[in-house]
Amino acid sequence: MEITTPQLYSGAWTNDVRWIVDHITEEFPLAPLVGIGFSLGANILVKAIGEDGPNCKLKACVSVSNPYDLNLGLSVLHSTWIGKNIYSKAMTKGLIGVFERLAYNRLHVGIFEKSKSSGGNICPQTVKSSKDLLQFDEAITRRIFGFRSASEYYRMGSCSQFIADIRIPTLMLSDTTDPVATARAIPVDDILANPYVVLATTERGGHIGWFEGNFAPKRWCSQPVAEFLKSMIDAYESLPKETKNDFVRQAQFKNGRNLDNVKHPIPFHPHSSPAIRVNSRGKVTVNVATSTEADISKTSTRWHLFDKAKFLARLLRSDSIEGVRFRRLMLAVVAVCMAGTAIRRRKK
């Protein structure tokens, strides 16, 4: 599908979610709708349901590998060599590809430069020469959506400031060793203060990872996610017809904040709060102690040999796709070394 308007993606833009939900609701008015978002899509979805509050048309929601705080997340990502030079660079390359392939071709030449919302100050060459996410968002994203800086876009686009206003059952699945969506950004206190929201954290799951098995890896996270959504739909369907409209209003707690006056994410203290944890079999347990304390210490901006060794050791234990591939590589290296040793012995 070709883009015909001067607008690409944005972590702060939530109207697309509402348009889709409204369209499906009109087509299937009796169907209970649920939402699930991954990574930046999770940020957009959670921001949307928080903005809508009790007027949200979804019956339940799942957030997977949510960055929560875009400013903090990008700072932590760019504070390590692998984050800035591998993850950020790869994601930027993909965004530039979308820009070149769908938005800036011979059919739509000039559509972005002439955009009224951007003030006509977008330079395609600057966009295509972006080396990381910050440069790309500064060159085009924040300009298209009318933000004065990339920092303002990240701050106002972060879903963490809307957690307190969620009024539908929501599961938030995150990993404390996520290299892209840092665990330091998880708004634990705000999640625990909202009876509609459940936080599930794991270790060594990576970013949208949670793989099990070395030679035929499969994601196990789909099982608890599906069970949660099924439970919410069953609960909704079991209600009498006259009370179904009150499904998302039954929990009792203080009203949310005035969103019109809020632009900054809420501070939190993840080291002192409990969380729900999900193991590799999908079993859910509650840790009342310091569950998020292990891997969210200060991130050094230097890439020492010791840091590399720790990273490789953690990668060996990781259930992410990167960990699976690394273990396969190590097995291949060992096999080659053993074969070489056997050949040299035969020659002797």
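Residues numbered from 1 in each chain as written. Predicted model: local features only at pLDDT ≥ 70, side-chain atom pairs only at ≥ 80, totals over all residues. Heavy atoms only, no water.

A. The overall build of the protein, seen in detail. Regarding its fold elements, the protein presents 11 helices and 8 strands. Looking at the protein as a whole, 43% of its 348 residues are labelled buried. Here the analysis covers contacts within the protein between residues at least 6 apart in sequence; of these, 74% occur between residues at least 24 apart. When the accessible area of the protein is evaluated, it comes to approximately 19,000 Å², of which 58% is carbon and sulfur surface. (Helix = DSSP H or I, 4+ residues; strand = E, 2+ residues; numbered from the N terminus. Buried < 20%, exposed > 50% of the residue type's maximum accessible area, 1.4 Å probe, protein only. Contact = heavy atoms within 4.5 Å. Areas by Shrake-Rupley, 256 points an atom, 1.4 Å probe, with all protein chains shown as cover.)

B. Spatial organisation of helix H3 (residues 70-77). The set of residues buried in H3 consists of Leu70, Gly73, Leu74, Val76 and Leu77. Seen along its axis, H3 keeps its buried residues to an arc of 165°; they face one direction. Where H3 begins, the side chain of Asp69 points an oxygen toward the backbone nitrogen of Asn71, at a separation of 3.2 Å. (Arc of directions from axis to C-beta. Polar contact = N/O pair within 3.5 Å; in protein donor to acceptor, adjacent residues only side chain to side chain.)

C. Layout of the packing of aromatic side chains. Counted under the stated rule, the structure contains 4 aromatic pairs. Centre to centre, the rings of Trp13 and Trp19 are 6.3 Å apart; their planes meet at 70°, and the pair counts as edge-to-face. For Trp13, a relative accessible area of 24% corresponds to the partly exposed category. An angle of 40° between the planes, with centres 5.2 Å apart, marks the rings of Tyr153 and Tyr154 as tilted. Take Tyr153: its relative accessible area is 2%, and that puts it in the buried class. With relative accessibility at 5%, the residue Tyr154 sits in the buried group. Ring-pair connections join several aromatic residues into one group, and the members of that group are Trp13, Trp19 and Phe145. (Phe/Tyr/Trp six-rings, centres within 6.5 Å; stacked < 30°, edge-to-face > 60°.)

D. Here's a closer look at the pairing of strand E3 (residues 170-175). Of all the 6 residues making up E3, 6 are buried; the element is thus mostly covered by neighbouring parts of the structure. Of the two faces of E3, the one carrying Thr170, Met172 and Ser174 and the one carrying Leu171, Leu173 and Asp175 are both buried. As judged from the 4 bridges shared by strand E2 (residues 60-64) and E3, these two strands associate in the parallel manner. Paired with Cys61 across the bridge in E3 is Thr170. Where E3 lies against strand E4 (residues 197-202), 6 bridges are found, and the strand directions are parallel. Across the sheet, the residue bridging to Thr170 is Val197, located in E4. Handedness of the β-α-β unit built from E3, helix H8 (residues 188-193) and E4 comes out right-handed. (Pairing = 2+ DSSP bridges. Right-handed = clockwise from strand over helix to strand, strands pointing away.)

E. The pairing of E2, seen in detail. With 5 of 5 residues buried, E2 lies mostly within the body of the structure. Of the two faces of E2, both are covered, the one formed by Ala60, Val62 and Val64 as well as the one formed by Cys61 and Ser63. As judged from the 5 bridges shared by strand E1 (residues 34-38) and E2, these two strands associate in the parallel manner. When the sheet's bridge partners are listed, Gly35 is paired in E2 with Cys61. The parallel pair E1 and E2, bridged by helix H2 (residues 40-52), forms a crossover whose chirality is right-handed.

F. Geometry of the pattern of salt bridges. Following the criterion strictly, the structure yields 9 salt bridges and no others. The closest approach of N and O atoms between Glu51 and Arg18, which form a salt bridge, is 2.5 Å. Remark: Arg18 occurs in helix H1 (residues 15-27) and Glu51 occurs in helix H2; sequence separation between them is 33 residues. Residue Asp52 pairs with Arg18 through a salt bridge whose shortest N-O separation is 2.9 Å. (Salt bridge = Lys/Arg side-chain N within 4 Å of Asp/Glu carboxyl O.)

G. The arrangement of a nonpolar patch on the surface in detail. A contiguous nonpolar patch, built from Ile20, Ile24 and Phe28 and spanning about 290 Å² of accessible area, is present on the exposed surface. Note on placement: Ile24 falls in helix H1. Since its relative accessible area comes to 32%, Ile24 is described here as partly exposed. (Patch = residues over 30% accessible without salt bridge, like charges linked within 9 Å, V, L, I, M, F, W, Y side chains within 5 Å.)

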